[in-house]
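Listed below are the residues making up each chain.
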Amino acid sequence: SSSSFELEEPEKIKFSSQVFGFDFHPSRDLIGVGLVTGECQLWEYSCRPKGNRGIWKTNHHQMSCREVKFSSDGSVLFTGSADNSISVIDVGTGK
C-alpha cells in the first residue's frame, strides 16, 4: 500500500532565507536550523512522502543565527548569533 512507501532519503526542506547553521538531534529525527534572519527552527524529518514538518520557529536573535548545536541529551538547542549572543532553547517548547 502507498502508506508504507518510503523514500530513500527525506525530501528537501526549503526555507525562505539562507541557512547559516544546522545540527541533527542526537537520538530523534529532528534538525535544528539557524537562518540569516536570526530565526531558529526545529524540524522533524522522515523518509515518508511529505513526512517533514516544522515543529517550532523562534526569533531569539536580532542578527543572523550562525551556529546551532544540540546538547548531548538533545533536550536543549544552543544557538549563536552575529548579534554577539548565545541562546539556550528548550527543544520541547522552543522557548
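Residues numbered from 1 in each chain as written. Predicted model: local features only at pLDDT ≥ 70, side-chain atom pairs only at ≥ 80, totals over all residues. Heavy atoms only, no water.

Each aromatic ring pair is summarised here by two numbers: the centre-to-centre distance and the angle between the ring planes. Across all of its chains, the model carries three aromatic pairs by this definition. Ring geometry for Phe24 and Tyr45: centres 5.7 Å apart, planes at 80 degrees, overall edge-to-face. Of this pair, Phe24 sits in strand 1 (residues 19–24) while Tyr45 sits in the loop between strand 3 (40–44) and strand 4 (53–58), and the two are 21 residues apart along the sequence. Phe24 gets classed as partly exposed once you look at its relative accessible area, which sits at 44%. Joined through ring pairs, the aromatic side chains of Phe22, Phe24 and Tyr45 make up one cluster. (Phe/Tyr/Trp six-rings, centres within 6.5 Å; stacked < 30°, edge-to-face > 60°. Helix = DSSP H or I, 4+ residues; strand = E, 2+ residues; numbered from the N terminus. Buried < 20%, exposed > 50% of the residue type's maximum accessible area, 1.4 Å probe, protein only.)

With that settled, consider the nonpolar core. Among the nonpolar cores identified, the biggest contains 10 residues, and these are Leu30, Cys40, Leu42, Trp56, Cys65, Val68, Phe70, Leu77, Ile89 and Val91. Looking at this core, the elements with two or more residues in it are strand 3 and strand 5 (65–70). Here this core gets three residues from one element, more than from any other, and that element is strand 5. Look past the residues within four positions of Ile89 in its chain and what remains in contact with it is Cys40, Trp56, Thr58, His60, Ser75, Val76, Leu77, Thr79, Gly94 and Lys95. (Core = buried A, V, L, I, M, F, W, Y, C linked by side-chain atoms within 4.5 Å. Contact = heavy atoms within 4.5 Å.)

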